[in-house]
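# Descriptive analysis of the structure
Residue strings, one per chain:
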Amino acid sequence: MQKRILCYGDSNTYGYIPTGGRYDENTRWPMRMQRLLGESYAVIEEGFNGRTCVFDDPVEGGFKSGVQYLPPCLMTHNPLDAVLIMLGTNDTKVRFGMTPMTIGQSMMQLVRTAKQYAVNEAGEVSHIVIVAPPLILDNLMQTRHAECFGPQAIAVSAGLPRELRRISKLMRCDFFDASPYAEVSPLDAVHMTAQGHLRLGEAMADKIRSFL
């Protein structure tokens, strides 16, 4: 029986290229992880551009709330042995006015929802991993995302790994920090390079092997 892993995230899970378009299946980190894990695993990609933890976006349109879409997503893909949640970057946009603490509280909602709806083949709660997203680069205000995110996004992003690690302990779930592996492109300061995807896929494969 294959071990089933759901990767739930935003444009950095979708595979958005900093200059536009989408990385191919040989590059995107969930598919890189799939190839390294082999046929005994099934990796499911659920990345959506602009997805936040809890907000629909009044500017970019609806369906952005990660917590609203999560229940049908999980029930669609069950049974799941693991659920990896990598969100928080879009929550740093200036229009949401979030801090690391409030993004952490939002992540708690996602984890509670995952524990309610994600189950493995035996009917047990799936293994949940909070993944701290790649850090926004310091040159953000020199890129096309400057007005959308705002200067505060750099500091909020930098505070997320520590806060999400704290939340993982409170919620009794696993934690992984993507930032040491997920290289971000200076072209837009937000989205991962191809090399970042490959390295994150390799690191996440090792993480998966450690508990499945």
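Residues numbered from 1 in each chain as written. Predicted model: local features only at pLDDT ≥ 70, side-chain atom pairs only at ≥ 80, totals over all residues. Heavy atoms only, no water.

## Let's talk about the overall build of the protein
Along the backbone of the protein there are seven helices and five strands. Helices (α) and strands (β) of the protein occur, in sequence order from the N terminus, as β-α-α-β-α-β-α-β-α-α-β-α. Against the 2.2 N^0.38 benchmark of 17 Å for 212 residues, the protein shows a C-alpha radius of gyration of 16 Å, consistent with a compact globule. Taking the principal axes of the C-alpha coordinates as reference, the protein spans close to 50 × 30 × 30 Å. With 212 residues in all, the protein has 56% of them scored as buried. If you take every contact in the protein between residues at least 6 apart in sequence, the share linking residues at least 24 apart comes to 73%. For the protein, the accessible surface area stands at approximately 9,200 Å², while carbon and sulfur atoms represent 52% of it. Taking the average place of the 21 positive charges on the side chains of the protein and the average place of its 22 negative ones, the gap between the two points comes to 5 Å. (Helix = DSSP H or I, 4+ residues; strand = E, 2+ residues; numbered from the N terminus. Rg over C-alpha atoms; globule rule 2.2 N^0.38 Å. Buried < 20%, exposed > 50% of the residue type's maximum accessible area, 1.4 Å probe, protein only. Contact = heavy atoms within 4.5 Å. Areas by Shrake-Rupley, 256 points an atom, 1.4 Å probe, with all protein chains shown as cover. Lys, Arg positive; Asp, Glu negative; His and termini not counted. Charge placed at Lys NZ, Arg CZ, Asp CG, Glu CD.)

## Some remarks on the pairing of strand S5 (residues 174–177)
Going residue by residue along S5, you find Asp174 and Phe176 tucked away on one face and Phe175 and Asp177 tucked away on the opposite face as well. As defined by bridge partners, strand S4 (residues 127–132) adjoins S5 across four bridges and the pair is classed as parallel. Among the inter-strand pairings, Val131 is bridged to a residue of S5, identified as Phe176. (Pairing = 2+ DSSP bridges.)

## Observations concerning the sheet that holds strand S1 (residues 3–9)
Strand order in the open sheet made by the five strands is S2-S1-S3-S4-S5, with parallel pairing throughout. What marks the edges here is a single partner per strand, and that holds for strand S2 (41–47) and S5. Here the strands of the sheet are splayed against their neighbours by 20° on average, with no regard to which way each runs. The strands touched by helix H3 (residues 66–77) are S1, S2 and strand S3 (82–86); relative to S1, the strand with the most contacts, the crossing angle is about 160°. Strands in contact with helix H6 (residues 152–170) are S4 and S5; relative to S5, the strand with the most contacts, it is inclined by about 165°. (Axes fitted to C-alpha atoms, helices over the stretch in contact; angles between N-to-C directions.)

## Regarding H6
For H6, which comprises 19 residues, the first-to-last C-alpha distance of 26 Å matches the rise-based estimate of 27 Å (1.5 Å per residue) to within 8%. Helix geometry: H6 is bent most strongly at Leu160, by close to 40°, with proline Pro161 lying one to four residues after it. If you check which residues of H6 are buried, you get Ala153, Ile154, Val156, Ser157, Leu160, Pro161, Glu163, Leu164, Ile167 and Ser168. Contacts made by the buried residues of H6 are with helix H4 (100–117), S4, helix H5 (146–149) and S5. Positive phi appears at Arg172, one or two residues downstream of H6, with a value of about 55°. (Expected span 1.5 Å × (residues − 1). Bend = angle between axes of the 7 residues up to and from the residue.)

## Quick notes on the packing of H3 against H4
One can describe the packing of H3 onto H4 by two numbers: an axis separation of 9 Å at closest approach and a directional angle of 20°. Taken as axis vectors, H3 and H4 run roughly parallel relative to one another. H4 is crossed by H3, and the crossing has right-handed handedness. From H3, Gly66, Val67, Leu70, Pro71, Leu74 and Met75 reach across to H4, where they touch Gln109, Leu110, Thr113, Ala114 and Tyr117. Looking at the contact of H3 with H4, its residues break down into eight nonpolar, three polar and no charged. (Parallel < 35°, antiparallel > 145°, perpendicular 65-115°, else oblique. Left-handed = near helix turned anticlockwise from the far one by under 90°. Nonpolar A, V, L, I, M, F, W, Y, C, P; charged D, E, K, R; others polar.)

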